[in-house]
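# An overview of the molecular structure
Next come the chains, spelled out residue by residue.
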Amino acid sequence: TTDDFFFFFIRGERPEVAMQIGKAISLPTFDESSTNLKYIRQKKADLVMAHIAALLPPEYRGFYNDHLTLTAQTVS
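Not measured: the values here are computed from a predicted model.

## Observations regarding the overall build of the protein
- Helix and strand counts for the protein stand at three helices and zero strands.
- Of the regular secondary structure in the protein, the N- to C-terminal order runs α-α-α.
- Relative to its 76 residues, the protein shows a buried fraction of 11%.
- Of the contacts formed within the protein by residues at least 6 apart in sequence, a portion of 8% connects residues at least 24 apart.
- In the form shown here, the protein has an accessible surface area of approximately 6800 Å², with 59% of it arising from carbon and sulfur atoms.

As structure tokens, then:
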């Protein structure tokens, strides 16, 4: 509940948050020992954002409207 969230927040703790919007997705595994960790994290964020964009009408998708993952989702 909201009260629980604020209780943790006031104490400086991070509460556990779980949300389900649309179908579950699986992120691909990357070699996290790579020196380009920022690139890997960005790719994962882009994938999540593309899945979220697929739930929106095309006029609200913004940058992710032409994302390859989004295109594959809407075609299949």
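This is not the end of the story, as more comes after the structure.
## Describing the layout of surface pockets
- Its boundaries defined by the atoms lining it, the largest pocket holds a volume of some 430 Å³.
- Considering the residues around the largest pocket, the lining is formed by 13 residues, among which I21, G22, K23, I25 and H51 are closest to the centre.
- Sorting elements by how many residues they give to the lining of the largest pocket places helix α2 (residues 37-54) first, with four residues.
- In the lining of the largest pocket, the residues fall into eight nonpolar, four polar and one charged.

The rules we used
Residues numbered from 1 in each chain as written. Predicted model: local features only at pLDDT ≥ 70, side-chain atom pairs only at ≥ 80, totals over all residues. Heavy atoms only, no water. Helix = DSSP H or I, 4+ residues; strand = E, 2+ residues; numbered from the N terminus. Buried < 20%, exposed > 50% of the residue type's maximum accessible area, 1.4 Å probe, protein only. Contact = heavy atoms within 4.5 Å. Areas by Shrake-Rupley, 256 points an atom, 1.4 Å probe, with all protein chains shown as cover. 1 Å grid on protein atoms, 1.4 Å probe; cavity = no way out; pocket = protein on both sides within 12 Å on 5 of 7 lines; lining within 4 Å. Points joined across faces, edges and corners; volume = space filled by probe spheres on them. Nonpolar A, V, L, I, M, F, W, Y, C, P; charged D, E, K, R; others polar.

Geometry only, nothing functional implied.
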